[in-house]
Number of protein chains: 2
Amino acid sequence: MKLLEQKIREEGRVYSDDILKVDSFLNHQLDVDFLDALGEEFHRLYKDCEVNKLLTIEPNAIGVAALTAHRFHCPLVFAKKKPISKPSSNSYTARVHSHTHSTHNVTVSHRYLAKGDRVLIIDDVLANGSALAALLELCEQAGATVVGAGIVIEKTYRKGGQALRDRGVRIESLARIKAMSPEKGVSFAD
Amino acid sequence: MKLLEQKIREEGRVYSDDILKVDSFLNHQLDVDFLDALGEEFHRLYKDCEVNKLLTIEPNAIGVAALTAHRFHCPLVFAKKKPISKPSSNSYTARVHSHTHSTHNVTVSHRYLAKGDRVLIIDDVLANGSALAALLELCEQAGATVVGAGIVIEKTYRKGGQALRDRGVRIESLARIKAMSPEKGVSFAD
């Protein structure tokens, strides 16, 4: 999506080959009119998939996911981050092995994910794929069908996206970064 | 707002005089079309206040705040929760003394709150007022003007709202609960 690539070039700050700050519009300050345009694009991509529910993880992608859910006129569920030590009998639970944060669980109440649901997963960044894999696992536990994932920024030089596509998951990423560095900035995949 | 009172009566679960679960539409699963109607009401109340930025706290109110910000066509900033032990020289920081969670800091980057901003604060619940007071403090540190706060649910039998109104803060709460219990359910203030 050219509009997003341009926004990343203009406002993104690259601190290393792994750290891209996009907190002027996506992660801390939310440019809601811009995020609504991303939601429109996710809707265009998935509008024929009979989606009845959207799923994301707190907190970073809730804004873009809420605006996307509004395009679908479907409820949005956000999975909650919990310490590993706190399992619950009322929730689906999966583990996230983050390379930037400590390992933690994500949970969704049994009330809000069920067999028969057709779920579109929304997340802000896809790198090693651990968070997305955990959301897929929650849906699997619930017996829900995942129609696919809508990702704002994918780092294609990490292997998470490819590994999940190899498992048959449809993933649509609006910007695909193939390399980045503080010196050269961001290069996008074609 | 009658529509919200009805929703709370129908879907809210009262566990004690302090705990009301509204996670079917506000805190875990988000009924985005309903939250958009709340955003429309916040916009009606504050549309003449020259708001240029909205502010909330992660994670629970990000959804309703994003849909409200979309009504204003203004950016939304969400304050981040941090442990007390991690101050930063790049952020405004204030302390939240929660009675349900441990004491923590909330922070906003210097980049995203500034003198000259006219801020509308959005939060999901107002009880003892500690979170709202912390957001007001962040704005004060930045030299920003707070035009007011938009609250989804206020517990008027807690003293936070009145104490902040006594300091001159405009607070508009869409549902005002004067009492609740598992036996009698929720009673709203007139």
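See the structure shown above.
The present account deals with the structure reproduced in this document. The model shown is predicted, which means the values in this text are computed figures rather than measured ones. Throughout, a residue's number is its position along its own chain's written sequence, starting from 1. As they are written, the chains are lettered A onward and the ligands numbered 1 onward, keeping that order. With pLDDT at 70 or above as the cut-off, local features in this predicted model cover only qualifying residues; side-chain atom pairs require 80 or more to be listed or tallied, and sums for whole chains, interfaces and linings still use all residues. Think of the side-chain values as coming from all heavy atoms in the structure, minus any hydrogens and water.

1. A word on helix H1 (residues 2–11) of chain B
All names here are of chain B. Where we set the bar: For every residue, the accessible area (1.4 Å probe, protein chains only) is compared with the maximum for its type, and the residue is labelled buried under 20%, exposed over 50%, or partly exposed between those bounds. A run of H or I in DSSP becomes a helix once it reaches four residues, and a run of E becomes a strand once it reaches two; helices and strands are each numbered from the N terminus. Throughout, the arc means that of the directions going from the helix axis to the C-beta atoms. The contact rule is simple, with two residues in contact once any of their heavy atoms fall within 4.5 Å.
Burial in H1 covers these residues: Leu4, Glu5, Lys7 and Ile8. Considered in projection along H1, the buried side chains sweep an arc of 160° and stay on one side of the axis. In H1, the exposed positions angled more than 90 degrees off the buried face are occupied by Lys2, Arg9 and Glu10. On its buried face, H1 is in contact with strand S2 (20–21), helix H2 (32–46), strand S9 (145–155), strand S10 (171–181) and strand S11 (185–188).

2. Some words on the relation of the copies chain A and chain B
Where we set the bar: The least-squares superposition of copies is restricted to C-alpha atoms, and to residues with a pLDDT of at least 70 in both copies.
With an RMSD of 0.0 Å, the fit of chain A onto chain B corresponds to turning through 180° and sliding 0.0 Å along the axis. Here the copies are linked by what is in effect a two-fold axis. Scanning chain A for the C-alpha nearest the rotation axis identifies Pro59 of chain A, at a separation of 2.6 Å. In this assembly, 100% of the residues forming the interface of chain A have copies in chain B that are likewise at the interface, indicating an isologous arrangement.

3. Observations regarding the interface of chain A and chain B
Formally: Summed over both partners, the accessible area lost on bringing two parts together, with a 1.4 Å probe, is the buried area. A pairing counts as a salt bridge when a side-chain nitrogen of Lys or Arg comes within 4 Å of a carboxyl oxygen of Asp or Glu. Note on residue categories: nonpolar means Ala, Val, Leu, Ile, Met, Phe, Trp, Tyr, Cys or Pro, charged means Asp, Glu, Lys or Arg, and polar means any other residue, Gly included. In this scheme, strands are said to pair when DSSP sees at least two bridges between them.
Each partner contributes to the interface: chain A provides 33 residues, whereas chain B provides 33 residues. Taken over both partners, the interface formed by chain A and chain B buries close to 2800 Å², and the fraction arising from carbon and sulfur atoms is 59%. Sorting the residues of chain A by area buried against chain B places His28, Gln29 and Tyr112 of chain A first, and these three jointly supply 25% of that buried surface. Along the contact surface separating chain A from chain B lie 0 salt bridges. Secondary-structure elements contributing two or more residues to the side of chain A that touches chain B are strand S3 (29–30), helix H2 (32–46), helix H3 (62–72), strand S5 (76–82) and strand S7 (104–109) of chain A. Along the lines of polarity and charge, the residues of the side of chain A that touches chain B split into 15 nonpolar, 10 polar and 8 charged. Judged from the 2 bridges that link them, S5 of chain A and strand S3 (residues 29–30) of chain B form a sheet pairing that is antiparallel. Across the sheet, the residue bridging to Val77 of chain A is Gln29 of chain B, located in S3 of chain B.

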